Amino acid sequence: MSDLFSVAGKNVLVTGGSRGIGLMIARGFVEAGAKVWISSRRADVCAEVAGTLGCEAVPADLSTPEGLAALTDGLSSRISRLDVLVNNAGATWGAPLEEYPDGAFDKLWATNVKPVFRLTVSLLPLLRAAATEDDPARVINIGSIDGIKVPSMEVYAYSATKAAVHMLTRQLAHQLAAESITVNAIAPGPFDSKMMAFALNNPQVRAEIAGQVPLGRIGRPEDMAGTAIYLASRAGAYLTGAVIPVDGGLTTHG
């Protein structure tokens, strides 16, 4: 039974892996025995976190073609196959409706959606090299429950781009299934991350948010890591095109 959820020895890339949800996932894979690479925009932070985790850093700004090429080339020079790609890097933007800037849509499309597509396509040779019928290569995209249900905050571009990530996940899953590459998405609810810090660092607001969650608490690192490891293990080998809410039941509110 332990082999069913094993990811030991797998090559894993986590974008945005130096903080927040990406860090939770990267740490989980490292502790589970995978060989992990993390990428983030700031090279110094990426290297520092990688040293702490015991993994390797490949810094890159994935919102630019140059950054995407640097990550692809840097990873390809170190490994011949990639078992798991976690597309996690992202950003948010909040503002009142009539003040919401056009630039927010431009920035978040370039950060939250395009790199998911471009990096997946760019790394297909490495994913194909790892893929077998019994043990497919895995792509795990990080969406959001804000792309499933109407968010309580005014984050119009963020929720729209996360909904786009969910649909892109389904289309890529359909396209790549014949090549033994699965593509799934995780849609997190409230977790301790930089995006949620403005709210969760306030004890009163934190308690209010936790009170809205049917399971009564904020998400923990093992909740996120466990879902990613499941999707990357033999236990998740027959799942593709799914969007899994990891939200303590928030999306049951409709």
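Each chain has its residues counted from 1, running along the sequence as written. Given that this is a predicted model, residues contribute local features only at a pLDDT of at least 70 and side-chain atom pairs are listed and counted only at 80 or more, while totals for whole chains, interfaces and linings are drawn from all residues. Each side-chain value is worked out from all heavy atoms of the structure, with water and hydrogens disregarded.

In the annotation of an unreviewed UniProt entry, the entry for the chain reads 3-oxoacyl-ACP reductase, and the organism field reads Rugosimonospora africana.

**So, the overall build of the chain**
Labels follow the DSSP assignment, with helices taken as runs of H or I lasting at least four residues and strands as runs of E lasting at least two, numbered in each case from the N terminus. Within the chain, the secondary structure is distributed over 9 helices and 7 strands. Considered along the principal axes of its C-alpha atoms, the chain spans approximately 50 × 45 × 35 Å. The buried label applies to any residue whose accessible area, calculated with a 1.4 Å probe on protein chains only, is under 20% of its type's maximum; exposed applies above 50%, and partly exposed to all values in between. Here the chain holds 254 residues, and 52% of them are scored as buried. Considering only residue pairs separated by 6 or more positions, the chain has 69% of its internal contacts joining residues 24 or more positions apart. Of the roughly 11,900 Å² of accessible surface on the chain, a fraction of 54% belongs to carbon and sulfur atoms. Looking at charge distribution, the chain has the averaged site of its 21 positive side-chain charges lying 3 Å from that of its 24 negative ones. By the convention used here, residues are in contact when the closest approach between their heavy atoms is within 4.5 Å. Areas reported here follow the Shrake-Rupley algorithm with a probe of radius 1.4 Å; residue values treat only the protein chains shown as occluding. We count Lys and Arg on the positive side and Asp and Glu on the negative side, and we leave His and both chain ends out. Just so you know, the charge point we use is NZ for Lys, CZ for Arg, CG for Asp and CD for Glu.

**Observations regarding the sheet that holds strand S3 (residues 56-57)**
Strand order in the open sheet made by the 7 strands is S3-S2-S1-S4-S5-S6-S7, with parallel pairing throughout. With one partner strand each, in any of the chains shown, S3 and strand S7 (243-246) form the two edges of the open sheet. For strand S5 (residues 137-142) and strand S6 (residues 181-188), the ladder comprises 6 bridges, and the chain directions are parallel. Paired with Asn-141 across the two strands is Ala-185, which belongs to S6. Angles here are taken between N-to-C directions and fall from 0 to 180 degrees, while the axes themselves are lines fitted to C-alpha atoms, restricted in helices to the stretch in contact. On the sheet, helix H4 (residues 102-122) packs against strand S1 (11-15), strand S4 (84-87) and S5 and is oriented at approximately 165° with respect to S4. Across the sheet, helix H9 (residues 221-232) lies against S4, S5, S6 and S7, angled at about 165° from S6, the strand it touches most. Pairing between two strands is assigned when DSSP locates at least 2 bridges connecting them.

**Some remarks on unusual backbone geometry**
Notably, Ser-180 is not glycine yet its phi reads approximately 60°, a positive angle. Relative to the assigned elements, Ser-180 resides in the loop between helix H6 (156-176) and S6.

**Observations concerning empty space enclosed by the protein**
A cavity here means a set of 1 Å grid points, computed over protein atoms only, where a 1.4 Å probe fits but cannot escape. A pocket is an open set with protein on both sides within 12 Å along at least 5 of 7 lines, and lining residues have an atom within 4 Å of a point. Grid points are joined across faces, edges and corners, and a volume is the space filled by probe spheres set on the points. By the definition in use, this model includes 1 cavity of 30 Å³ or more. Empty space within the largest cavity amounts to approximately 40 Å³. Around the largest cavity, the lining residues are Thr-15, Leu-62, Asn-87, Asn-88, Ala-89, Thr-111, Pro-115, Val-116 and Leu-119. Sorting elements by how many residues they give to the lining of the largest cavity places H4 first, with 4 residues. Asp, Glu, Lys and Arg are counted as charged, while Ala, Val, Leu, Ile, Met, Phe, Trp, Tyr, Cys and Pro are counted as nonpolar; the rest, among them Gly, fall into the polar class. For the lining of the largest cavity, a count of residues per class yields 5 nonpolar, 4 polar and no charged.

**Some thoughts on the state of the cysteines**
Criterion for a disulfide: a pair of cysteine sulfur atoms at a distance within 2.5 Å. Applying the stated rule across the entire model yields 0 disulfides. Here Cys-46 is not cross-linked by a disulfide; its sulfur's nearest cysteine counterpart is in Cys-55, at 7.7 Å. Accessibility expressed as a relative area gives 12% for Cys-55, which makes it buried.

**Considering the UniProt feature "domain: Ketoreductase" (unreviewed entry) in the chain**
Mapped onto this numbering, the UniProt entry gives "domain: Ketoreductase" (unreviewed entry) at residues 10-189. The distance separating the terminal C-alpha atoms of residues 10-189 is 27 Å; by composition the span is 47% helix and 17% strand. UniProt positions are given in the numbering used here, feature names are shortened, and annotations may be inferred rather than shown by experiment.

**Some details on a positive patch on the surface**
To count toward a patch, a residue needs a relative accessible area over 30% and no salt bridge; like charges are then connected within 9 Å, while nonpolar side chains (Val, Leu, Ile, Met, Phe, Trp, Tyr) are connected within 5 Å. Should a side-chain nitrogen of Lys or Arg be within 4 Å of a carboxyl oxygen of Asp or Glu, the pair is scored as a salt bridge. Together, Arg-19, Arg-41, Lys-107 and Lys-194 line one region of the surface with positive charge. Turning to its location among the elements, Lys-194 is positioned in the loop between S6 and helix H7 (197-200).

**Considering the nonpolar core**
Each nonpolar core is a collection of buried residues, namely Ala, Val, Leu, Ile, Met, Phe, Trp, Tyr and Cys, held together in the definition by side-chain atoms within 4.5 Å. Ranked by internal contacts, the top residues of the largest apolar core, which has 31 residues, are Ile-25, Phe-29, Val-36 and Val-86. Every element with two or more residues in this core is listed here: S1, helix H1 (20-31), strand S2 (35-39), helix H2 (43-53), S4, S5 and H9. With 7 residues, the top contributor of residues to this core is H1. Sequence-distant contacts of Phe-29, that is, excluding residues within four places in its chain, are made with Val-7, Val-12, Ala-34, Val-36, Val-84, Val-86, Ala-228, Ile-229 and Ala-232. Counting residues in each nonpolar core, the second largest holds 29 residues, with Leu-62, Leu-75, Leu-123 and Leu-176 among its members.

**Digging into the environment of Pro-125**
Along the chain, the position of Pro-125 falls in helix H5 (residues 124-130). Assessed through its relative accessible area of 53%, Pro-125 is described here as exposed. For the pair Pro-125 and Glu-154, spaced 29 residues apart in sequence, the C-alpha to C-alpha distance is 39 Å.

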